[in-house]
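Summary of the model geometry
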Amino acid sequence: MSNPMEVYSQAKEFLKEHATGLAFVFIAVGTGLIATRRWMAGGVCRSKARLDGKTVLITGANTGIGKETAVDLAGRGARVILACRDMGRANRAADEIRNRSGNGNVVVKQLDLESLQSVRALVADVKTSEDRLDILINNAGIMMCPKWQTVDGFEMQFGVNHLGHFLLTNSLLDLLKKSSPSRVVNVSSLAHEKGEIHFDDINLDRDYDPMKSYRQSKLANVLFSRELAKSLEGTGVTVYSLHPGVIRTELGRHLWPTIALWKRLLFNPLMLLIKSPWEGAQTTIYCAVDESLQNTSGLYYSDCGPKQAAPQACDDVAAKKLWDISASMVGLA
Ligand SMILES: NC(=O)c1ccc[n+]([C@@H]2O[C@H](COP(=O)([O-])OP(=O)(O)OC[C@H]3O[C@@H](n4cnc5c(N)ncnc54)[C@H](OP(=O)(O)O)[C@@H]3O)[C@@H](O)[C@H]2O)c1
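Each value, and the rule that gives it
As a convention, each chain's residues are numbered from 1 in the sequence order in which they are written. This being a predicted model, a pLDDT of at least 70 is required before a residue's local features are given, and a value of 80 or more before pairs of side-chain atoms are given or counted; all residues contribute to the totals for chains, interfaces and linings. Nearness rests on one distance test: the residue's C-beta atom, set from the backbone, must lie within 6 Å of the molecule or strand. Going along the chain from the N terminus, every DSSP run of H or I of four or more residues is numbered as a helix, and every run of E of two or more is numbered as a strand. By the convention adopted, Pro, Cys, Tyr, Trp, Phe, Met, Ile, Leu, Val and Ala count as nonpolar, Lys, Arg, Asp and Glu as charged, and the other residues, Gly among them, as polar. Strand pairing is defined by DSSP finding a minimum of two bridges between the two strands. Any residue pair is listed as a contact if its two C-beta atoms, each placed from the backbone, are within 7 Å. Orientation is described by lines fitted to C-alpha atoms, with helices fitted over the stretch in contact, and by angles between N-to-C directions that extend from 0 to 180 degrees. Just so you know how the angles are binned, under 35 degrees is roughly parallel, over 145 roughly antiparallel, 65 to 115 roughly perpendicular, and the rest oblique. The crossing is said to be left-handed when, going from far helix to near helix, the turn is anticlockwise and less than a right angle, and right-handed when the turn is clockwise. UniProt positions are given in the numbering used here, feature names are shortened, and annotations may be inferred rather than shown by experiment. Buried means a residue has 20 or more other C-beta atoms within 10 Å of its own C-beta, exposed means 12 or fewer, and partly exposed covers the counts in between; C-beta atoms are placed from the backbone. Crossovers are marked right-handed if the path from the first strand over the helix to the second runs clockwise, as seen with the strands pointing away from the viewer. Connectivity within a nonpolar core runs through C-beta atoms within 7 Å, and the core itself is a set of buried Ala, Val, Leu, Ile, Met, Phe, Trp, Tyr and Cys residues. Each helix should span, by expectation, one fewer than its residue count multiplied by 1.5 Å.

**Structural notes on the site of the ligand**
Near the ligand there are 30 residues, and of these Gly-60, Gly-64, Ala-140, Gly-141 and Thr-249 occur at the shortest range. Broken down by element, the residue count for the shell around the ligand peaks at 3 residues, all from helix α3 (residues 64-75). Among the residues forming the shell around the ligand, the class breakdown is 13 nonpolar, 11 polar and 6 charged.

**Remarks on the sheet that holds strand β1 (residues 55-59)**
Taking strand neighbours across the sheet as the criterion, the 8 strands line up as β3-β2-β1-β4-β5-β6-β7-β8 in an open arrangement whose pairing is mixed. Because the sheet does not close on itself, it has two edges, and the strands there are β3 (106-110) and β8 (305-306). With 4 bridges joining them, strand β6 (residues 237-243) and strand β7 (residues 299-302) adopt parallel strand pairing. The residue bridging His-243 from the neighbouring strand is Ser-302, located in β7. Helix-sheet contacts for helix α5 (residues 116-129) involve β1, β2 (79-84) and β3, and the interaxial angle to β3 is about 140 degrees.

**A closer look at the packing of α3 against helix α4 (residues 87-101)**
Following both chains from N to C, one finds α3 and α4 inclined at 40 degrees, their axes separated by 9 Å at the closest point. Overall, the two elements α3 and α4 adopt an arrangement that is oblique. The crossing of α3 and α4 is right-handed. Here Lys-67, Ala-70, Val-71, Ala-74 and Gly-75 of α3 come into contact with α4, specifically with Ala-93, Ile-97, Arg-100 and Ser-101. Classifying every residue of the contact of α3 with α4 by side-chain character gives 5 nonpolar, 2 polar and 2 charged.

**Some words on the UniProt feature "transmembrane region" (unreviewed entry) in the chain**
Under the feature "transmembrane region" (unreviewed entry), the UniProt entry names residues 20-40. A helix fraction of 100% and a strand fraction of 0% characterise residues 20-40, whose end C-alpha atoms lie 30 Å from each other.

**Re the pairing of β2**
Within β2, 6 of the 6 residues are buried, leaving the element largely enclosed by the surrounding structure. Residues of β2 alternate between two faces, with Arg-79, Ile-81 and Ala-83 on one and Val-80, Leu-82 and Cys-84 on the opposite face, all of them buried. Where β1 meets β2, 5 bridges bridge the pair, whose relative direction is parallel. Each residue of the ladder has a partner; that of Thr-55, found in β2, is Arg-79. Read from β1 through α3 to β2, the crossover connection turns out right-handed. Two strands pair when backbone bridges link them, and β2 and β3 are joined in this way by 5 bridges, in the parallel orientation. By the bridge assignment for β3, Leu-82 is matched with Val-108. On the question of chirality, the crossover connecting β2 to the parallel β3 by way of α4 is right-handed.

**Some details on the packing of helix α6 (residues 156-171) against helix α12 (residues 316-330)**
Two elements in contact, α6 and α12, have axes whose closest approach is 10 Å; the angle formed by their N-to-C orientations is 80 degrees. Judged by the angle between their axes, α6 and α12 are roughly perpendicular. On α12, the residues that touch His-162, Leu-163, Phe-166 and Leu-167 of α6 are Ser-326, Met-329 and Val-330. Taken together, the residues of the contact of α6 with α12 break down into 5 nonpolar, 2 polar and no charged.

**Topic: the pairing of β1**
Of all 5 residues in β1, 5 are buried, a share of seventy percent or more. Residues Thr-55, Leu-57 and Thr-59 point to one face of β1 and Val-56 and Ile-58 to the other, with burial holding for every one of them.

**Notes on the nonpolar core**
Formed by 81 residues in total, the largest nonpolar core has its most connected members in Val-56, Leu-57, Ile-58, Ala-70, Val-80, Leu-82 and Ala-83. Top contributing element to this core by residue count: helix α8 (residues 210-231), with 8 residues.

**Some remarks on α8**
With 22 residues, α8 should reach 32 Å at 1.5 Å per residue; the first-to-last C-alpha distance of 31 Å fits that figure. Counting buried positions along α8 yields 17 of 22 residues, so the element is predominantly enclosed.

**A short note on unusual backbone geometry**
Only a minority of non-glycine residues have a phi that is not negative, and only a minority of peptide bonds are not trans. In this structure, Pro-181 follows Ser-180 across a cis peptide bond, with omega equal to 5 degrees. Secondary-structure assignment places Pro-181 in the loop between α7 (173-178) and β5 (182-187). Its identity is not glycine, yet Met-144 carries a phi of approximately 50 degrees, on the positive side. In this structure, Met-144 sits in the loop between β4 (135-138) and α6.

Right under this line is the structure:
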């Protein structure tokens, strides 16, 4: 058995002999990692548009990319309404957003997308307290939770990610039209690409799977944007849906505990490669403010540019059918 001194001198010898080769490997790996990190970071919104005198409402803005979006839009001078379910977290986020943006005009309003009653209450509040709404950002989301139901008995991910936002948006259309040109931004996901709308089992009662449900809800976001854009033609209200990238946020809160510890430990270093919340917010900000998008509506974006949505997200018959089912589920005429 070799003693520690022997091992040390052998290692020293090895390093001396292979110094050039090792340096080359380190530089190549380092450069590869930096290039991958840059590529993962995606695009940046370069627009310098100001939003003085304008009002923005962002759902789920107390953390993640919603909070970063709020900091940016407040920094452009907007009045920013954070529509959140946990008032404690929302008020702490509002303080941070005011500090970081230098804009004190940041307000918190209660919204729990699990409850249609809560959506209606927020709408009533906004309609009495706000005289305009220039940008509505449907950002809040829940991913891969167990088979849960909303207060109204809908499958949780479909209920929160799609139905709650569907009712919220439709109920605020008059204010958006009155404030036109105005925008609706729906935060979807690449996950929509493998999604399907299960029209015969929309609440997935027969066959619940957390990923299947998330994909359905994110496909619903893109189909809703498409149908909404059609119905708003000529009103000055434009609609955008987007994939923000893969980002270090709290979105995996229901997924992580189901993954084996050793897999989580293996995955941890990869977290350094994925987008920060600031990077993840860039496409939302782009869709909300970029001047070049003013006359386009109903399209899908990723990394601050247009992206082809999946074929099933471009199906106008399915979009209309989803609209009709959603309207009847949330009690809209
Ligand atoms: N992170 C990613 O890699 C990724 C990738 C693709 C798409 N997205 C999409 O990006 C959006 C933002 O996600 P994120 O990554 O920033 O996640 P996050 O950090 O988990 O933030 C989600 C936000 O949604 C809120 N929310 C959840 N359920 C709600 C409810 N019932 N009522 C009101 N608000 C609710 C959360 O509030 P609480 O803090 O109170 O729970 C939180 O503010 C989501 O729509 C998500 O699908 C994210």
